[in-house]
Amino acid sequence: RILLARAAREGGAGGGGDGEGGGVREGEGTACLAARRRQTVAATALAASRACGRAARARGSLATRALHAKAPGSKGKGGKPSKPSKAPPAAAPGPPARKSAKGQPASNMPKEKRRRPVTRAAGPMPSGAGGGLGQHFLKNPLVVNGIVDKAALKQHEVVLEVGPGTGNMTVKMLEQAKKVVAIELDPRMVVEVQKRVQGTPLERKLEVIHGDFLKVALPYFDVMVANIPYQISSPLTFKLLAHRPLFRCAVIMYQEEFAQRLTARPGEKLYCRLSVNTQLLARVTQLLKVGKNNFKPPPKVDSRVVRIEPRNPPPPINFAEWDGMVRLCFNRKNKTLRAIFTSKAVLTLLEGNFKTFCALKGIPLPEVADQGPVQMEEDGGDAAAGSKGSRSLAPHLKMLIEETLEETGFQDARAAKLDIDDFLALLNAFNKRNVRFS
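Everything numeric here is computed off the predicted structure, so don't read it as measured data. (Residues numbered from 1 in each chain as written. Predicted model: local features only at pLDDT ≥ 70, side-chain atom pairs only at ≥ 80, totals over all residues. Heavy atoms only, no water.)

Right, let's get into the packing of helix H12 (residues 344–361) against helix H14 (residues 394–408). Relative to each other, H12 and H14 sit at 100°, their axes nearing to 10 Å. With respect to H14, the element H12 is oriented roughly perpendicular. Here Leu347, Leu350, Glu351 and Phe354 of H12 lie close against H14, whose contacting residues are Ala394, Leu397, Lys398 and Ile401. Grouping the amino acids of the contact of H12 with H14 by side-chain chemistry returns six nonpolar, no polar and two charged. (Axes fitted to C-alpha atoms, helices over the stretch in contact; angles between N-to-C directions. Helix = DSSP H or I, 4+ residues; strand = E, 2+ residues; numbered from the N terminus. Parallel < 35°, antiparallel > 145°, perpendicular 65-115°, else oblique. Contact = heavy atoms within 4.5 Å. Nonpolar A, V, L, I, M, F, W, Y, C, P; charged D, E, K, R; others polar.)

Take the pattern of salt bridges next. In total, this model carries 14 salt bridges according to the counting rule given. Between Arg273 and Asp323 there is a salt bridge, with its nearest N and O atoms 3.0 Å apart. Of this pair, Arg273 sits in helix H9 (residues 273–281) while Asp323 sits in helix H10 (residues 319–331), and the two are 50 residues apart along the sequence. Exposure remark for Asp323: the relative accessible area of 12% places this residue in the buried category. The network of salt bridges with shared partners includes Glu256, Lys289, Asp302 and Arg304. (Salt bridge = Lys/Arg side-chain N within 4 Å of Asp/Glu carboxyl O. Buried < 20%, exposed > 50% of the residue type's maximum accessible area, 1.4 Å probe, protein only.)

The amide bond that connects Arg244 to the next residue, Pro245, takes the cis arrangement and shows omega of 5°. Of note, Pro245 is situated in the loop between helix H7 (233–241) and strand E6 (249–255). Note that the residue after Asn312, namely Pro313, is joined by a cis bond; omega there is 5°. Along the chain, the position of Pro313 falls in the loop between strand E9 (303–310) and H10.

As a further point, take the nonpolar core. Ranked by internal contacts, the top residues of the largest apolar core, which has 66 residues, are Met224, Tyr254, Met325, Leu337, Phe341 and Phe423. Sorting elements by how many residues they give to this core places H10 first, with six residues. Other than its neighbours up to four places away in sequence, Met325 contacts Phe341, Phe423, Leu426, Leu427, Phe430 and Phe437. Counting 28 residues, the second largest nonpolar core, distinct from the first, contains Leu153, Ala177, Met253 and Val290. (Core = buried A, V, L, I, M, F, W, Y, C linked by side-chain atoms within 4.5 Å.)

This part is about the packing of aromatic side chains. Any two aromatic rings considered together are summarised by their centre-to-centre distance and by the angle between their planes. Per the stated rule, a full pass over the model turns up eight aromatic pairs. Measuring from centroid to centroid gives 5.0 Å for Tyr254 and Phe258, while their planes differ by 40°, and the two rings are tilted. You can call Phe258 buried: its relative accessible area is 14%. In textbook terms, an aromatic cluster arises when at least three aromatic residues are bridged by ring pairs, as seen for Tyr271, Trp322, Phe330 and Phe423. The side chain of Lys239 reaches across the aromatic face of Phe213, ending 5.2 Å from its centre. Over the ring of Phe357 we find Arg436; its NZ or CZ atom is 4.2 Å from the centre of that ring. (Phe/Tyr/Trp six-rings, centres within 6.5 Å; stacked < 30°, edge-to-face > 60°. Lys NZ or Arg CZ within 6 Å of the ring centre and 35° of its normal.)

Below, the structure written as C-alpha coordinates:
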(Lines give C-alpha, C1' and ligand atoms only; values in the text may rest on other atoms or scores of the structure.)
Protein backbone atom coordinates (compact mmCIF):
# COMPACT_ATOMS: atom_id res chain seq x y z
CA ARG A 1 0.00 0.00 0.00
CA ILE A 2 2.86 2.35 0.79
CA LEU A 3 4.41 1.75 -2.61
CA LEU A 4 1.09 2.35 -4.37
CA ALA A 5 0.58 5.69 -2.49
CA ARG A 6 4.09 6.79 -3.40
CA ALA A 7 3.43 5.96 -7.05
CA ALA A 8 0.25 8.01 -6.96
CA ARG A 9 2.05 11.03 -5.50
CA GLU A 10 4.82 10.78 -8.07
CA GLY A 11 2.24 10.54 -10.81
CA GLY A 12 0.56 13.70 -9.53
CA ALA A 13 3.81 15.62 -9.29
CA GLY A 14 4.77 14.60 -12.78
CA GLY A 15 1.42 15.77 -14.06
CA GLY A 16 1.90 19.21 -12.45
CA GLY A 17 5.35 19.65 -13.93
CA ASP A 18 4.06 18.78 -17.33
CA GLY A 19 1.31 21.36 -16.99
CA GLU A 20 3.78 24.12 -16.12
CA GLY A 21 6.04 23.49 -19.13
CA GLY A 22 4.74 25.95 -21.63
CA GLY A 23 7.36 25.03 -24.24
CA VAL A 24 5.75 21.64 -24.77
CA ARG A 25 2.61 21.38 -26.73
CA GLU A 26 -0.52 20.26 -24.89
CA GLY A 27 -0.98 16.97 -26.87
CA GLU A 28 2.60 15.83 -26.48
CA GLY A 29 2.53 16.61 -22.74
CA THR A 30 -0.58 14.51 -22.22
CA ALA A 31 0.93 11.46 -24.07
CA CYS A 32 4.17 11.59 -22.12
CA LEU A 33 2.29 11.87 -18.84
CA ALA A 34 0.19 8.76 -19.66
CA ALA A 35 3.29 6.74 -20.63
CA ARG A 36 5.12 7.63 -17.43
CA ARG A 37 2.09 6.75 -15.35
CA ARG A 38 1.78 3.30 -17.01
CA GLN A 39 5.47 2.55 -16.42
CA THR A 40 5.23 3.66 -12.79
CA VAL A 41 2.14 1.49 -12.11
CA ALA A 42 3.76 -1.60 -13.74
CA ALA A 43 6.97 -1.23 -11.73
CA THR A 44 4.98 -0.68 -8.54
CA ALA A 45 2.85 -3.82 -9.14
CA LEU A 46 5.94 -5.97 -9.78
CA ALA A 47 7.60 -4.73 -6.58
CA ALA A 48 4.38 -5.36 -4.62
CA SER A 49 4.10 -8.99 -5.87
CA ARG A 50 7.71 -9.70 -4.95
CA ALA A 51 7.16 -8.25 -1.47
CA CYS A 52 4.08 -10.45 -0.97
CA GLY A 53 6.10 -13.55 -1.94
CA ARG A 54 8.84 -12.73 0.54
CA ALA A 55 6.28 -12.19 3.29
CA ALA A 56 4.61 -15.55 2.58
CA ARG A 57 7.92 -17.40 2.71
CA ALA A 58 8.80 -15.66 5.98
CA ARG A 59 5.47 -16.72 7.54
CA GLY A 60 6.05 -20.32 6.43
CA SER A 61 9.55 -20.38 7.93
CA LEU A 62 8.26 -19.04 11.24
CA ALA A 63 5.47 -21.64 11.36
CA THR A 64 7.96 -24.45 10.71
CA ARG A 65 10.25 -23.27 13.50
CA ALA A 66 7.36 -23.04 15.91
CA LEU A 67 6.26 -26.58 15.03
CA HIS A 68 9.74 -28.00 15.71
CA ALA A 69 10.01 -25.98 18.95
CA LYS A 70 6.81 -27.59 20.31
CA ALA A 71 7.92 -31.13 19.43
CA PRO A 72 8.93 -33.33 22.46
CA GLY A 73 12.67 -33.57 23.02
CA SER A 74 13.45 -30.36 21.14
CA LYS A 75 15.63 -27.63 22.65
CA GLY A 76 14.07 -24.43 23.88
CA LYS A 77 15.69 -21.19 24.90
CA GLY A 78 19.19 -21.51 26.29
CA GLY A 79 19.74 -24.87 24.62
CA LYS A 80 17.76 -26.78 27.28
CA PRO A 81 15.32 -29.42 26.17
CA SER A 82 11.75 -28.28 26.55
CA LYS A 83 9.28 -30.33 28.54
CA PRO A 84 6.88 -32.30 26.39
CA SER A 85 3.37 -31.01 26.62
CA LYS A 86 0.65 -33.31 27.82
CA ALA A 87 -1.21 -34.53 24.81
CA PRO A 88 -4.00 -37.08 24.44
CA PRO A 89 -2.82 -40.67 23.91
CA ALA A 90 -1.82 -41.29 20.34
CA ALA A 91 -3.46 -43.89 18.21
CA ALA A 92 -1.80 -47.12 17.08
CA PRO A 93 1.61 -46.52 15.46
CA GLY A 94 1.36 -46.11 11.75
CA PRO A 95 3.87 -46.03 8.94
CA PRO A 96 6.78 -43.55 9.17
CA ALA A 97 6.12 -40.00 8.04
CA ARG A 98 6.50 -39.49 4.33
CA LYS A 99 8.22 -36.44 2.89
CA SER A 100 6.81 -34.37 0.11
CA ALA A 101 8.70 -33.44 -3.02
CA LYS A 102 9.93 -30.18 -1.37
CA GLY A 103 11.38 -32.01 1.64
CA GLN A 104 8.59 -30.99 4.08
CA PRO A 105 6.88 -33.72 6.09
CA ALA A 106 3.68 -34.87 4.53
CA SER A 107 0.51 -35.91 6.29
CA ASN A 108 0.27 -39.46 7.64
CA MET A 109 -3.44 -39.66 7.01
CA PRO A 110 -4.21 -42.89 5.13
CA LYS A 111 -5.26 -42.37 1.57
CA GLU A 112 -8.32 -44.05 0.20
CA LYS A 113 -7.37 -47.04 -1.94
CA ARG A 114 -8.51 -46.88 -5.49
CA ARG A 115 -10.13 -50.09 -6.65
CA ARG A 116 -10.22 -51.13 -10.23
CA PRO A 117 -13.69 -51.77 -11.59
CA VAL A 118 -14.44 -55.49 -11.93
CA THR A 119 -14.93 -56.40 -15.56
CA ARG A 120 -16.13 -59.84 -16.60
CA ALA A 121 -16.07 -61.33 -20.02
CA ALA A 122 -19.32 -62.26 -21.61
CA GLY A 123 -20.27 -65.92 -21.19
CA PRO A 124 -18.95 -68.52 -18.77
CA MET A 125 -15.36 -68.54 -17.62
CA PRO A 126 -13.13 -71.07 -19.41
CA SER A 127 -12.81 -74.15 -17.26
CA GLY A 128 -9.17 -74.58 -18.28
CA ALA A 129 -8.38 -71.30 -16.54
CA GLY A 130 -10.60 -71.47 -13.47
CA GLY A 131 -12.47 -74.77 -13.44
CA GLY A 132 -9.47 -77.09 -13.21
CA LEU A 133 -10.81 -79.50 -15.88
CA GLY A 134 -7.81 -79.14 -18.18
CA GLN A 135 -9.76 -77.61 -21.08
CA HIS A 136 -8.09 -75.42 -23.69
CA PHE A 137 -10.47 -73.79 -26.14
CA LEU A 138 -9.50 -73.74 -29.81
CA LYS A 139 -9.91 -70.15 -31.01
CA ASN A 140 -8.42 -70.25 -34.52
CA PRO A 141 -11.24 -70.75 -37.05
CA LEU A 142 -8.82 -71.95 -39.72
CA VAL A 143 -7.70 -74.84 -37.51
CA VAL A 144 -11.33 -75.67 -36.67
CA ASN A 145 -12.22 -75.82 -40.36
CA GLY A 146 -9.15 -77.94 -41.10
CA ILE A 147 -10.02 -80.52 -38.44
CA VAL A 148 -13.63 -80.84 -39.62
CA ASP A 149 -12.53 -81.12 -43.25
CA LYS A 150 -10.09 -83.95 -42.38
CA ALA A 151 -12.99 -85.95 -40.93
CA ALA A 152 -14.82 -85.84 -44.32
CA LEU A 153 -18.26 -85.91 -42.71
CA LYS A 154 -21.28 -87.15 -44.64
CA GLN A 155 -24.91 -86.09 -44.37
CA HIS A 156 -26.07 -89.46 -42.94
CA GLU A 157 -23.38 -89.83 -40.23
CA VAL A 158 -23.64 -89.37 -36.48
CA VAL A 159 -20.66 -87.53 -34.93
CA LEU A 160 -19.38 -87.94 -31.36
CA GLU A 161 -17.57 -84.99 -29.78
CA VAL A 162 -15.81 -84.99 -26.40
CA GLY A 163 -15.46 -81.63 -24.68
CA PRO A 164 -17.32 -79.28 -27.07
CA GLY A 165 -16.35 -76.24 -24.99
CA THR A 166 -17.99 -73.10 -26.35
CA GLY A 167 -19.23 -74.91 -29.47
CA ASN A 168 -16.96 -73.53 -32.19
CA MET A 169 -16.34 -76.96 -33.72
CA THR A 170 -19.81 -78.24 -32.82
CA VAL A 171 -21.63 -75.68 -34.95
CA LYS A 172 -19.36 -76.41 -37.90
CA MET A 173 -20.10 -80.16 -37.70
CA LEU A 174 -23.85 -79.64 -37.26
CA GLU A 175 -23.91 -78.00 -40.68
CA GLN A 176 -22.45 -81.12 -42.33
CA ALA A 177 -23.62 -84.17 -40.34
CA LYS A 178 -26.94 -85.73 -39.49
CA LYS A 179 -26.48 -85.45 -35.72
CA VAL A 180 -23.83 -84.48 -33.18
CA VAL A 181 -23.64 -86.10 -29.74
CA ALA A 182 -21.48 -83.99 -27.40
CA ILE A 183 -20.21 -85.29 -24.03
CA GLU A 184 -19.27 -82.48 -21.65
CA LEU A 185 -18.30 -82.62 -17.96
CA ASP A 186 -18.40 -78.87 -17.24
CA PRO A 187 -22.01 -77.71 -16.63
CA ARG A 188 -21.15 -74.15 -17.73
CA MET A 189 -20.04 -75.39 -21.12
CA VAL A 190 -23.20 -77.49 -21.43
CA VAL A 191 -25.25 -74.31 -21.15
CA GLU A 192 -22.93 -72.40 -23.47
CA VAL A 193 -23.02 -74.92 -26.32
CA GLN A 194 -26.81 -75.17 -26.09
CA LYS A 195 -27.10 -71.38 -26.33
CA ARG A 196 -25.11 -71.40 -29.57
CA VAL A 197 -27.86 -73.29 -31.44
CA GLN A 198 -30.92 -72.24 -29.44
CA GLY A 199 -33.73 -71.10 -31.71
CA THR A 200 -31.97 -72.26 -34.91
CA PRO A 201 -32.63 -75.26 -37.20
CA LEU A 202 -29.44 -76.85 -35.85
CA GLU A 203 -30.91 -77.20 -32.35
CA ARG A 204 -32.76 -80.46 -33.13
CA LYS A 205 -29.56 -82.05 -34.47
CA LEU A 206 -27.59 -81.56 -31.23
CA GLU A 207 -27.63 -83.90 -28.22
CA VAL A 208 -25.56 -82.97 -25.15
CA ILE A 209 -24.65 -85.59 -22.51
CA HIS A 210 -23.55 -84.09 -19.21
CA GLY A 211 -21.03 -86.53 -17.72
CA ASP A 212 -17.52 -88.01 -17.73
CA PHE A 213 -16.51 -89.70 -20.98
CA LEU A 214 -14.67 -92.46 -19.11
CA LYS A 215 -17.80 -93.34 -17.07
CA VAL A 216 -20.77 -92.88 -19.40
CA ALA A 217 -21.97 -95.50 -21.87
CA LEU A 218 -21.06 -94.42 -25.36
CA PRO A 219 -23.93 -94.08 -27.86
CA TYR A 220 -23.81 -95.22 -31.44
CA PHE A 221 -21.68 -93.02 -33.70
CA ASP A 222 -19.94 -93.17 -37.06
CA VAL A 223 -17.17 -90.58 -36.62
CA MET A 224 -15.51 -89.01 -33.61
CA VAL A 225 -14.08 -85.48 -33.81
CA ALA A 226 -12.74 -83.94 -30.60
CA ASN A 227 -10.26 -81.64 -28.92
CA ILE A 228 -9.89 -83.72 -25.74
CA PRO A 229 -8.43 -82.89 -22.31
CA TYR A 230 -4.85 -84.16 -22.43
CA GLN A 231 -4.89 -85.88 -19.03
CA ILE A 232 -7.33 -88.55 -20.25
CA SER A 233 -5.62 -89.25 -23.59
CA SER A 234 -4.58 -92.85 -22.94
CA PRO A 235 -7.76 -94.22 -21.28
CA LEU A 236 -9.91 -92.37 -23.81
CA THR A 237 -8.03 -93.93 -26.73
CA PHE A 238 -8.37 -97.51 -25.50
CA LYS A 239 -12.03 -97.09 -24.51
CA LEU A 240 -12.63 -95.78 -28.01
CA LEU A 241 -10.85 -98.74 -29.63
CA ALA A 242 -12.80 -101.22 -27.47
CA HIS A 243 -16.16 -99.71 -28.49
CA ARG A 244 -18.53 -101.89 -30.48
CA PRO A 245 -19.87 -101.58 -33.10
CA LEU A 246 -16.81 -100.28 -34.85
CA PHE A 247 -16.81 -96.68 -36.07
CA ARG A 248 -15.42 -95.36 -39.35
CA CYS A 249 -12.68 -93.09 -38.02
CA ALA A 250 -11.73 -90.67 -35.26
CA VAL A 251 -9.99 -87.29 -35.73
CA ILE A 252 -8.61 -86.28 -32.34
CA MET A 253 -6.36 -83.50 -31.04
CA TYR A 254 -3.61 -84.87 -28.77
CA GLN A 255 -0.57 -83.48 -27.02
CA GLU A 256 2.31 -83.55 -29.49
CA GLU A 257 4.46 -86.12 -27.67
CA PHE A 258 1.49 -88.44 -27.11
CA ALA A 259 0.57 -88.22 -30.80
CA GLN A 260 4.14 -89.08 -31.79
CA ARG A 261 4.06 -92.14 -29.51
CA LEU A 262 0.94 -93.38 -31.27
CA THR A 263 2.74 -93.47 -34.62
CA ALA A 264 6.28 -94.36 -33.46
CA ARG A 265 8.05 -97.20 -35.30
CA PRO A 266 10.44 -99.88 -33.96
CA GLY A 267 13.85 -98.45 -33.13
CA GLU A 268 12.59 -94.91 -32.48
CA LYS A 269 13.01 -93.27 -29.10
CA LEU A 270 9.26 -92.86 -28.46
CA TYR A 271 8.40 -96.47 -29.46
CA CYS A 272 6.59 -97.97 -26.46
CA ARG A 273 3.74 -100.21 -25.32
CA LEU A 274 1.21 -97.53 -26.32
CA SER A 275 2.56 -97.60 -29.88
CA VAL A 276 2.29 -101.39 -30.18
CA ASN A 277 -1.20 -101.69 -28.67
CA THR A 278 -2.66 -98.84 -30.72
CA GLN A 279 -1.15 -99.96 -34.02
CA LEU A 280 -2.36 -103.51 -33.38
CA LEU A 281 -6.00 -102.37 -33.22
CA ALA A 282 -6.00 -99.41 -35.63
CA ARG A 283 -4.21 -97.52 -38.38
CA VAL A 284 -2.91 -94.21 -37.06
CA THR A 285 -1.99 -91.22 -39.24
CA GLN A 286 -0.80 -87.76 -38.21
CA LEU A 287 -2.67 -84.99 -40.00
CA LEU A 288 -1.46 -81.55 -38.86
CA LYS A 289 0.44 -79.74 -36.11
CA VAL A 290 -1.28 -77.06 -34.04
CA GLY A 291 0.72 -74.47 -32.10
CA LYS A 292 -0.13 -73.64 -28.50
CA ASN A 293 -1.01 -70.03 -29.39
CA ASN A 294 -4.15 -71.25 -31.16
CA PHE A 295 -5.78 -72.06 -27.79
CA LYS A 296 -7.26 -70.00 -24.98
CA PRO A 297 -5.84 -70.34 -22.41
CA PRO A 298 -2.69 -71.57 -24.22
CA PRO A 299 -1.29 -74.93 -23.02
CA LYS A 300 2.38 -75.44 -22.25
CA VAL A 301 3.01 -77.71 -25.25
CA ASP A 302 2.06 -77.93 -28.91
CA SER A 303 -0.60 -80.30 -30.22
CA ARG A 304 -1.16 -82.62 -33.16
CA VAL A 305 -4.27 -83.86 -34.91
CA VAL A 306 -4.34 -87.63 -35.44
CA ARG A 307 -6.63 -89.82 -37.55
CA ILE A 308 -7.44 -93.26 -36.07
CA GLU A 309 -9.13 -95.94 -38.22
CA PRO A 310 -9.93 -99.19 -36.36
CA ARG A 311 -9.01 -102.40 -38.15
CA ASN A 312 -12.10 -104.19 -39.42
CA PRO A 313 -12.20 -107.03 -38.61
CA PRO A 314 -10.09 -106.72 -35.44
CA PRO A 315 -7.16 -109.16 -35.01
CA PRO A 316 -8.31 -112.54 -33.59
CA ILE A 317 -6.23 -112.56 -30.41
CA ASN A 318 -6.84 -112.43 -26.67
CA PHE A 319 -6.02 -108.80 -25.94
CA ALA A 320 -5.51 -109.47 -22.20
CA GLU A 321 -2.82 -112.06 -23.06
CA TRP A 322 -1.27 -109.70 -25.60
CA ASP A 323 -1.19 -106.73 -23.25
CA GLY A 324 0.28 -108.84 -20.41
CA MET A 325 3.20 -109.99 -22.58
CA VAL A 326 3.82 -106.55 -24.09
CA ARG A 327 3.77 -104.97 -20.63
CA LEU A 328 6.55 -107.30 -19.45
CA CYS A 329 8.60 -106.68 -22.59
CA PHE A 330 8.46 -102.88 -22.36
CA ASN A 331 9.21 -102.66 -18.64
CA ARG A 332 12.85 -102.88 -19.77
CA LYS A 333 12.58 -102.41 -23.49
CA ASN A 334 16.36 -102.33 -24.08
CA LYS A 335 17.08 -105.59 -22.22
CA THR A 336 17.13 -108.93 -24.03
CA LEU A 337 13.95 -110.97 -23.90
CA ARG A 338 15.78 -113.88 -22.26
CA ALA A 339 16.90 -111.64 -19.39
CA ILE A 340 13.36 -110.32 -18.97
CA PHE A 341 11.43 -113.60 -18.98
CA THR A 342 13.90 -115.57 -16.85
CA SER A 343 14.08 -113.04 -14.02
CA LYS A 344 12.81 -114.22 -10.63
CA ALA A 345 9.83 -111.85 -10.46
CA VAL A 346 8.58 -112.77 -13.94
CA LEU A 347 9.00 -116.51 -13.30
CA THR A 348 6.95 -116.20 -10.10
CA LEU A 349 4.17 -114.40 -12.01
CA LEU A 350 4.16 -116.90 -14.87
CA GLU A 351 4.15 -119.83 -12.42
CA GLY A 352 0.93 -118.59 -10.83
CA ASN A 353 -0.70 -118.07 -14.23
CA PHE A 354 0.44 -121.52 -15.38
CA LYS A 355 -1.08 -123.28 -12.35
CA THR A 356 -4.37 -121.38 -12.73
CA PHE A 357 -4.62 -122.19 -16.43
CA CYS A 358 -3.90 -125.90 -15.87
CA ALA A 359 -6.50 -126.06 -13.11
CA LEU A 360 -9.18 -124.41 -15.27
CA LYS A 361 -8.46 -126.63 -18.27
CA GLY A 362 -8.03 -129.83 -16.26
CA ILE A 363 -4.41 -130.26 -17.37
CA PRO A 364 -2.24 -132.20 -14.87
CA LEU A 365 0.81 -130.38 -13.61
CA PRO A 366 4.08 -131.73 -15.02
CA GLU A 367 6.44 -133.73 -12.85
CA VAL A 368 9.45 -131.64 -12.02
CA ALA A 369 12.83 -133.41 -11.82
CA ASP A 370 15.35 -132.67 -9.06
CA GLN A 371 12.62 -131.25 -6.85
CA GLY A 372 13.82 -130.01 -3.48
CA PRO A 373 12.19 -130.80 -0.18
CA VAL A 374 8.43 -130.36 -0.30
CA GLN A 375 7.12 -127.62 1.93
CA MET A 376 4.02 -128.76 3.81
CA GLU A 377 1.36 -126.40 5.05
CA GLU A 378 1.84 -125.92 8.78
CA ASP A 379 -1.65 -124.77 9.70
CA GLY A 380 -4.73 -126.88 9.24
CA GLY A 381 -4.03 -130.08 11.32
CA ASP A 382 -5.39 -133.14 9.50
CA ALA A 383 -5.97 -131.20 6.32
CA ALA A 384 -2.29 -130.31 6.21
CA ALA A 385 -1.28 -133.90 6.83
CA GLY A 386 -3.23 -135.09 3.78
CA SER A 387 -1.89 -132.36 1.53
CA LYS A 388 0.90 -133.03 -0.91
CA GLY A 389 2.33 -129.53 -0.49
CA SER A 390 3.10 -126.96 -3.16
CA ARG A 391 5.60 -127.73 -5.90
CA SER A 392 7.74 -125.03 -7.49
CA LEU A 393 7.42 -125.02 -11.28
CA ALA A 394 9.92 -122.22 -11.85
CA PRO A 395 12.65 -124.52 -13.30
CA HIS A 396 10.12 -126.10 -15.65
CA LEU A 397 8.82 -122.71 -16.81
CA LYS A 398 12.35 -121.44 -17.31
CA MET A 399 13.04 -124.40 -19.57
CA LEU A 400 9.84 -123.73 -21.58
CA ILE A 401 10.73 -120.05 -21.98
CA GLU A 402 14.26 -120.78 -23.18
CA GLU A 403 12.93 -123.35 -25.67
CA THR A 404 10.37 -120.85 -26.99
CA LEU A 405 12.91 -118.02 -27.39
CA GLU A 406 15.38 -120.34 -29.11
CA GLU A 407 12.69 -121.63 -31.48
CA THR A 408 11.59 -118.11 -32.49
CA GLY A 409 15.12 -116.72 -32.51
CA PHE A 410 14.31 -113.91 -30.07
CA GLN A 411 16.54 -114.91 -27.14
CA ASP A 412 18.89 -111.97 -27.82
CA ALA A 413 16.26 -109.63 -29.28
CA ARG A 414 15.06 -106.46 -27.56
CA ALA A 415 11.50 -105.16 -27.37
CA ALA A 416 12.52 -101.74 -28.70
CA LYS A 417 13.44 -103.35 -32.05
CA LEU A 418 10.49 -105.75 -32.52
CA ASP A 419 7.41 -104.95 -34.58
CA ILE A 420 3.84 -106.17 -34.22
CA ASP A 421 4.36 -109.32 -36.30
CA ASP A 422 7.30 -110.34 -34.09
CA PHE A 423 5.23 -109.92 -30.92
CA LEU A 424 2.37 -111.93 -32.44
CA ALA A 425 4.72 -114.79 -33.35
CA LEU A 426 6.24 -114.74 -29.85
CA LEU A 427 2.82 -114.78 -28.14
CA ASN A 428 1.65 -117.67 -30.30
CA ALA A 429 4.77 -119.71 -29.44
CA PHE A 430 4.34 -119.08 -25.70
CA ASN A 431 0.65 -120.04 -25.75
CA LYS A 432 1.42 -123.32 -27.51
CA ARG A 433 3.44 -124.31 -24.43
CA ASN A 434 0.69 -123.10 -22.07
CA VAL A 435 2.75 -120.11 -20.90
CA ARG A 436 0.13 -117.51 -20.01
CA PHE A 437 0.36 -113.82 -19.23
CA SER A 438 -3.10 -113.16 -17.75
